[in-house]
Every structure is written in C-alpha cells, then in structure tokens.
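Residues per chain are reported as follows:
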Amino acid sequence: MTATLTTAGPRPTRPRARLQGAALGIAAWLAGILFVLPILWMVLTSFHSEADAATNPPSVAASLTLDGYREFFGAGGGASPWPSLINSATASVASTLLTLCLALPAAYALSIRPVKKWTDVLFFFLSTKMLPLVAGLLPIYLFAKNTGLLDNIWALVILYTAMNLPIAVWMMQSFLSEVPVAIIEAAQIDGARLPTILWRVVAPIALPGIAATSLICFIFSWNELLFARVLTGVVAETAPVFLTGFITSQGLFLAKVCAASLVISLPVLAAGFAAQDKLVQGLSLGAVK
C-alpha cells in the first residue's frame, strides 16, 4: 500500500478579501492626504504674496515669492526672530536633558529594581498630568514674580522639566523593563556601581526608548505656548510667542504667518527625521515578544 503525498499550494485569495484590502489601502491613503494637505497648503501659501494669499477663493496658481520669509527674518524692519528661536532651543534642549537625567534613575527604580507599590508611584506620576494647565497658571506666575524669575529662560527650563518628567518616567519605565536583569547582575559582580550601570549598561541598551522619550519631551517643550506667553516678555520670549505677534490689530498677514510657522516647525521636523529609526524602535519596544 503506497501513500501519495501531495504538496498543497498557496490558498487562493478570495475576491472579498481583496476588496477589503483595497478598501483599507484607499482609506489609509485618504487619511494620509487629509493629514498632509493642510501642511502642503501652508507651504504653498508661504511662497505667495499677501495679496494672493488673502484672495477668496485662494489663488493656487499665483506667482511665487520669498517676501514672507524676508519679512519674517526682519528684512522689512521688523523684529528679528533669532533671539526667540535661540530661547526656544535653549529651553527645549536644556529641559529635555534635565528630564532624561531625572527620569532614567526613577525608571530604573520602578522597573529593574522595583520599589514597593511601584504601580501606585506610576499612577501618581501620571495623575499630575491630569491637572489643567490653566489651574496652575496663577500660582506659578506668583511664584515666578516673587522669586524674580519672570522673563527668565531658566524658569521655563525648570517648568518644562517638571511638566515632561511624569510622561518621561512612564515611558522610560516601560522601556527599561525590557532590559535583561542578567546583564545588570553581571555588571554588579564586576564591581560596577549604580551610575556606571545606568550610563554604560542600561542607557546603551535602552537607547531607542531614550531617543523616543527625548524627542517627545523636546516637541512638548518647543510647542508650549501658555506658560511662555504669561511668564516671558522680551528677554525670554520663545518662538511660539513670537509667532503670535503676527496677529495684530491691522489684520492677519497670512503669507507671513505661514512662512513663520514653517520655519518654526523645521527644528521639530528635523529632530523627528534624524531620530525616526530610534523613534520607531522605541515606540514598538516590547510590542512583539
């Protein structure tokens, strides 16, 4: 008695499954276009003159010009944006570095060497983000006024660090929980102390998570407007506050605002593009076992 072995070929794709896949693909493309279209429109408007940008309906095929960018950078006698851009970069980078220095040891204690009731600690960190920003605006303003920190960039650095620290600890805890404990124990046997373990053992392994956390903290700090608007004046004015100055009693200069918005968005876009591989690895860390 002989047995005949047959090799099963690939299953034929059903027409219904094809239609569903095509529909999902079309829906994804439409959603992507809807998200990108306002940005493309802003870029196009930034290269138009004010007269063409203010037409209704909009003049898509109008001639292109760099007048909006020239006026943004002070070619027409206006204020220079460089001090505001430098203030935003200082506040964002300094607060991000300080947040990482504080979040890494805290996340280490909550993941690799968990303390008692560590879940309650994480919930406490997250609960601090539930407070509306407006509710803390007046106390923080009075504190900055009484301590002489009004219109001081370092007040924003401290404030942004406190605002980003809960979400940074929460994210870093999930990333550090994936670090093998055996590597840390081996480093301890070799005589490495906690600072050495954190910066030479844990940090390189959790680098994608650190990159994702730092990028999110940088974006939150760069885009923050409410506290920067209230706590700063001339010396410590940030880029978002400088952008709101284009809305005047004379009207809204649309082309200039679009040019300014594009320039102010470039640092965040550049940071995201530079760290995109680490960002994807960090946000997907632990998703697939």
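Residues numbered from 1 in each chain as written. Predicted model: local features only at pLDDT ≥ 70, side-chain atom pairs only at ≥ 80, totals over all residues. Heavy atoms only, no water.

1. As for the overall build of the protein
The cut-off we apply is this: Secondary structure elements follow DSSP: runs of H or I of four or more residues count as helices, runs of E of two or more count as strands, with numbering from the N terminus. When a residue's accessible area, from a 1.4 Å probe over protein chains only, is under 20% of the maximum for its type it is buried; when over 50% it is exposed; and in between it is partly exposed. Throughout, a contact is declared for two residues whenever any of their heavy atoms are within 4.5 Å. Only the protein chains shown count as cover for residues, and the accessible areas themselves come from Shrake-Rupley with a 1.4 Å probe.
Looking only at helices and strands, the protein has 14 helices and 2 strands in total. A burial count over the protein gives 34% of its 289 residues as buried. Put simply, of all contacts in the protein between residues at least 6 apart along the chain, 77% involve residues at least 24 apart. Accessible surface computed for the protein: about 17800 Å², of which carbon and sulfur atoms make up 70%.

2. As for the confidence of the model for the protein
The cut-off we apply is this: The pLDDT value tells you how sure the predictor is about a given residue, anywhere from 0 up to 100.
The share of residues in the protein with pLDDT of 70 or more is 89%, and the mean pLDDT across the chain is 83. By mean pLDDT, the top-scoring element of the protein is helix H11 (residues 226-231) (93), and the lowest-scoring one is helix H14 (residues 276-283) (61).

3. Examining the side chain of Ser214
To keep things clear, this is the line we draw: We call two N or O atoms a polar contact when they sit within 3.5 Å, provided that within protein one can donate a hydrogen and the other can accept it, with sequence-adjacent residues counted only if both atoms are side-chain atoms.
Looking at where Ser214 falls in the secondary structure, it is placed in helix H10 (residues 207-223). Engagement of the side chain of Ser214 in a polar contact is seen with the backbone oxygen of Ala211, the distance being 2.9 Å. Excluding residues that lie within four positions of it along the chain, Ser214 makes contacts with Thr96 and Leu100.

4. Regarding the pattern of salt bridges
Let me state the cut-off plainly: The term salt bridge refers to a pairing of a side-chain nitrogen on Lys or Arg with a carboxyl oxygen on Asp or Glu at a separation within 4 Å.
Counted by the stated rule, this structure contains 1 salt bridge. Residue Arg70 pairs with Asp67 through a salt bridge whose shortest N-O separation is 2.9 Å. Of the two residues, Arg70 and Asp67 both sit in helix H3 (residues 67-72), 3 residues apart, roughly one turn of that helix. Under the relative-accessibility criterion, Asp67 is labelled partly exposed at 35%.

5. Re the layout of surface pockets
To keep things clear, this is the line we draw: Think of a 1 Å grid over the protein atoms and nothing else: a 1.4 Å probe that fits but is trapped marks a cavity, an open set flanked by protein within 12 Å on at least five of seven lines marks a pocket, and residues with an atom within 4 Å of a point count as lining. Grid points are joined across faces, edges and corners, and a volume is the space filled by probe spheres set on the points. Polar here means any residue outside two lists: the nonpolar Ala, Val, Leu, Ile, Met, Phe, Trp, Tyr, Cys and Pro, and the charged Asp, Glu, Lys and Arg; Gly therefore counts as polar.
Put simply, the largest pocket is a space of about 270 Å³. Along the walls of the largest pocket sit Thr128, Lys129, Leu131, Pro132, Leu133, Gly136, Ile140, Leu159, Ala162, Met163, Pro166 and Phe227, which together make up its complete lining. Classifying every residue of the lining of the largest pocket gives 9 nonpolar, 2 polar and 1 charged.

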